Amino acid sequence: MMVGQMKKRIQLSDHFDYRRLLRFTFPSVIMLVFTSIYGVVDGFFVSNFAGKTPFAAVNFIMPLLLILGCVGFMFGTGGSALIAKTMGEGRKERAQEIFSMIVYVSIVSGIVLALLGFVFLRPMGRLMGAQGQLLEDSIVYGRIILAALPFYVLQYEFQCLFATAQKPGLGLRVTVASGMTNIVLDGIFVAIFHWGLEGAAAATALSQFVGGVIPLLYFGRENSSLLQLVKCGFDGKALLRVCANGSSELISNISMSLVSMLYNIQLMKYAGENGIAAYGVLMYVSMIFQAVFLGYSVGAAPVIGYHYGAGNYEELKGLKKKSFLLIGVFSVLMFTAGETLARPLSWLFVGYAPELLEMTAHAFMIFSFSFLCSGFTIYGSSFFTALGDGFTSALISFLHVFAFQCTAVLLFPVIWKLDGIWVSIPAAEAMATAVTVLFLAEKKKRYHY
């Protein structure tokens, strides 16, 4: 009981030492890790119960679906920064109106994007090089997921806004409920009823419905958080600020999805369907590991935004210093885990295919080096978003993906063939981290951190 009371006392205005910072961000970390884990469940069940081609189809079409859903992440991160800053300035009613407008706009956006997805899914699949059964499986999976896209957008959005509402623990519970829905239904639909790809897609869509609707119901009534849905007018200027500030996360997610498509094209050329399946395993595990960095960044962002808005620059300096030390510790632990667990994790997904298992385990050993750098780039981009500097954050994301990852995945295979594709990932992360450090040094006087 005392622990619960202690947790409730943590407020955005507090002084954050290491312990308090970890306690406040921990629910966001677990929330995004759990979201990633239940996203991986589809891949596990499809690969082991439906086969290699359906598994490749899920990995092939997923980047396109993520591009549509990550609009919610733009609204969530951009909105979180503006709402936290507004509350730090003492304008709580205004913060409620901004929050409400963001939620309403995101619902409409989700519906529009879902309709566009239905129309363009098949042409996009063909454009990316899918043919035959791979294309048909991709379309089946994608269209079922698109039916729940508005809720997927809300789920992404609320994962960021729960921390701003000083309810990260509630966000974690909603995520667990959504994740357990997916895991249980995957087991029933795929393993027991043998519905294959369609069953896995239905399980994911229903879990996204749970993750989007529960927060909507909670914030739609009186509650004990800092935020509640209220009547509001449309404020184009505020929405533009939200979108501009969250554009870095949107660009980052879209860019990562586009790069994944590029990787799939290169892998089809150098390794065929096995290469796409192996890359899918790397991305699934990467989602879980990267979620630690992303969850910490999401949890810390409203704290940074609040203290910057309140002019507490000494606290801001302390937050930056503590965060980078924690990110460094996380990075070393994840690299060690990646090198140690490369073969066991690969076997979990593709143990039924010896040749594919060897390719995946080898790729994993190379890929794990990316964990040493990726956290610093993720946090650095989020740090500037929290300060309201969406341009710098977006620039980091743009350089990370388009300047570094795209260049590496196009050039390295010319030199090292298939290994060049695997090496391109950690190489791009290292270059992005160097750029992030340069931006942090250059902006230090402007933001007083």
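Here we summarise the structure given alongside this text. What you see as residue numbers is a count from 1 along each chain, following the sequence as written. This being a predicted model, a pLDDT of at least 70 is required before a residue's local features are given, and a value of 80 or more before pairs of side-chain atoms are given or counted; all residues contribute to the totals for chains, interfaces and linings. Values reported for side chains reflect all heavy atoms of the structure, with hydrogen atoms and water molecules removed beforehand.

Before going further, it helps to examine the overall build of the protein chain. Along its length, the protein chain carries 17 helices and 0 strands. Only C-alpha atoms enter the radius of gyration; for comparison, a globular chain is expected to reach 2.2 Å times N to the power 0.38, where N is the number of residues. Here the C-alpha radius of gyration of the protein chain, 21 Å, is about what a compact globule of 449 residues would show, namely 22 Å. Considered along the principal axes of its C-alpha atoms, the protein chain spans approximately 60 × 45 × 45 Å. When the 449 residues of the protein chain are sorted by exposure, 60% land in the buried category. Sequence separation of at least 24 residues holds for 82% of the intrachain contacts in the protein chain that already meet a minimum separation of 6. Each accessible area is a Shrake-Rupley result for a 1.4 Å probe, and residues are judged covered by the shown protein chains and nothing else. With an accessible surface of roughly 17900 Å², the protein chain has 69% of that area assigned to carbon and sulfur atoms. Taken as two groups, the 31 positive and 24 negative side-chain charges of the protein chain have centres that lie 8 Å from each other. Only DSSP runs of H or I with at least four residues qualify as helices, and only runs of E with at least two residues qualify as strands; both kinds are numbered from the N terminus onward. When a residue's accessible area, from a 1.4 Å probe over protein chains only, is under 20% of the maximum for its type it is buried; when over 50% it is exposed; and in between it is partly exposed. Contact definition: two residues touch when any of their heavy atoms are within 4.5 Å. Think of it this way: Lys and Arg go in the positive column, Asp and Glu in the negative one, and His and the chain ends go nowhere. By convention, the charge on Lys lies at NZ, on Arg at CZ, on Asp at CG and on Glu at CD.

The next point concerns the packing of helix α11 (residues 272–310) against helix α12 (residues 313–350). The angle between two axes is taken between their N-to-C directions and runs from 0 to 180 degrees, where each axis is a line fitted to C-alpha atoms and a helix contributes only its stretch in contact. Taken N-terminus to C-terminus, the directions of α11 and α12 make an angle of 170°; their axes are 8 Å apart at the nearest point. Viewed along their axes, α11 and α12 adopt a mutual orientation that is roughly antiparallel. Taken together, the residues of the contact of α11 with α12 sort by class into 21 nonpolar, 5 polar and 1 charged. Put simply, angles under 35 degrees are roughly parallel, angles over 145 are roughly antiparallel, angles from 65 to 115 are roughly perpendicular, and the rest are oblique. Amino acid classes used here: Ala, Val, Leu, Ile, Met, Phe, Trp, Tyr, Cys and Pro are nonpolar; Asp, Glu, Lys and Arg are charged; the rest, including Gly, are polar.

With that settled, consider empty space enclosed by the protein. For cavity detection a 1 Å grid was placed over the protein atoms alone, and a set of points counts as a cavity when a 1.4 Å probe fits there but cannot get out; an open set counts as a pocket when protein lies on both sides within 12 Å along at least five of seven lines, with lining residues being those that have an atom within 4 Å of a point. Grid points are joined across faces, edges and corners, and a volume is the space filled by probe spheres set on the points. Scanning the model with the defined rule gives 2 cavities of 30 Å³ or more in all. By volume, the second largest cavity is sized at about 50 Å³. In terms of lining, the second largest cavity is formed by Q155, F158, Q159, F162, G171, V174, T175, S178, G211 and P215. Elements with a minimum of two residues in the lining of the second largest cavity: α7 (149–164), α8 (168–192) and α9 (196–219). When the residues that make up the lining of the second largest cavity are grouped by side-chain class, the tally is 4 nonpolar, 6 polar and no charged.

What follows covers the pattern of salt bridges. Salt bridges are identified by distance alone: a Lys or Arg side-chain nitrogen within 4 Å of an Asp or Glu carboxyl oxygen. Taken as a whole and judged by the stated rule, the model has 9 salt bridges. The residue D14 makes a salt bridge to R20 at a minimum N-O spacing of 3.2 Å. By relative accessible area, D14 is classed as buried at 17%. The exposure class assigned to R20 is partly exposed, which follows from its relative accessible area of 25%. Between D389 and K443 there is a salt bridge whose closest N-O contact spans 3.7 Å. You can see D389 sitting in the loop between α14 (371–386) and α15 (390–416) and its partner K443 sitting in the loop between α16 (418–442) and α17 (444–447), a full 54 residues away along the chain. Each member of the pair, D389 together with K443, is buried. Each of K85, E89 and R91 takes part in salt bridges that share partners, so that together they form one network.

Disulfide: a pair of cysteine sulfur atoms within 2.5 Å of each other. A full pass over the atoms with the stated rule returns 0 disulfides. Unpaired in terms of disulfides, C70 finds its nearest cysteine sulfur in C160, a separation of 11 Å. We classify C70 as buried; its relative accessible area is 0%. No disulfide involves C243; its sulfur sits 12 Å from the nearest other cysteine sulfur, which is in C70.

Attention now moves to the environment of V174. Inspection of the secondary structure assignment puts V174 in helix α8. Spatially, the C-alpha atoms of V174 and G211 are 6.2 Å apart, while their sequence positions differ by 37 residues.

Counted at 1.5 Å a residue, the expected span for α14 with its 16 residues is 22 Å, and the 23 Å between its end C-alpha atoms agrees. Counting buried residues in α14 gives 14 out of 16 residues, a clear majority hidden from the surface. Phi turns positive, to about 85°, at G388, one or two residues after α14. How far a helix is expected to stretch is found by multiplying one less than its residue total by 1.5 Å.

This part takes up the nonpolar core. Counting residues in each nonpolar core, the largest one holds 140 residues, and the members touching the most others are I83, F99, F219, Y296, I304, L387 and W422. It is α11 that contributes the most residues to this core, 20 residues altogether. Excluding anything up to four places from it in sequence, I83 contacts A95, I98, F99, I102, L161, T164 and L227. Side-chain atoms within 4.5 Å are what join buried Ala, Val, Leu, Ile, Met, Phe, Trp, Tyr and Cys residues into a set we call a nonpolar core.

So, about α15. Here α15 contains 27 residues, and its C-alpha end-to-end distance of 37 Å stays within 8% of the 39 Å for a straight helix at 1.5 Å per residue. A bend of about 30° at A408 is the largest found in α15. After α15 finishes, the residue K417 shows a positive phi value of roughly 55°. Fitting axes to the seven residues that end at a residue and to the seven that start at it, the angle between those axes gives the bend at that residue.

Glancing now at unusual backbone geometry. Even without being a glycine, H194 presents a positive backbone phi close to 60°. Along the chain, H194 falls in the loop between α8 and α9. A relative accessible area of 60% means that H194 is categorised as exposed.

Function cannot be inferred from these measures alone, as they are strictly geometric.
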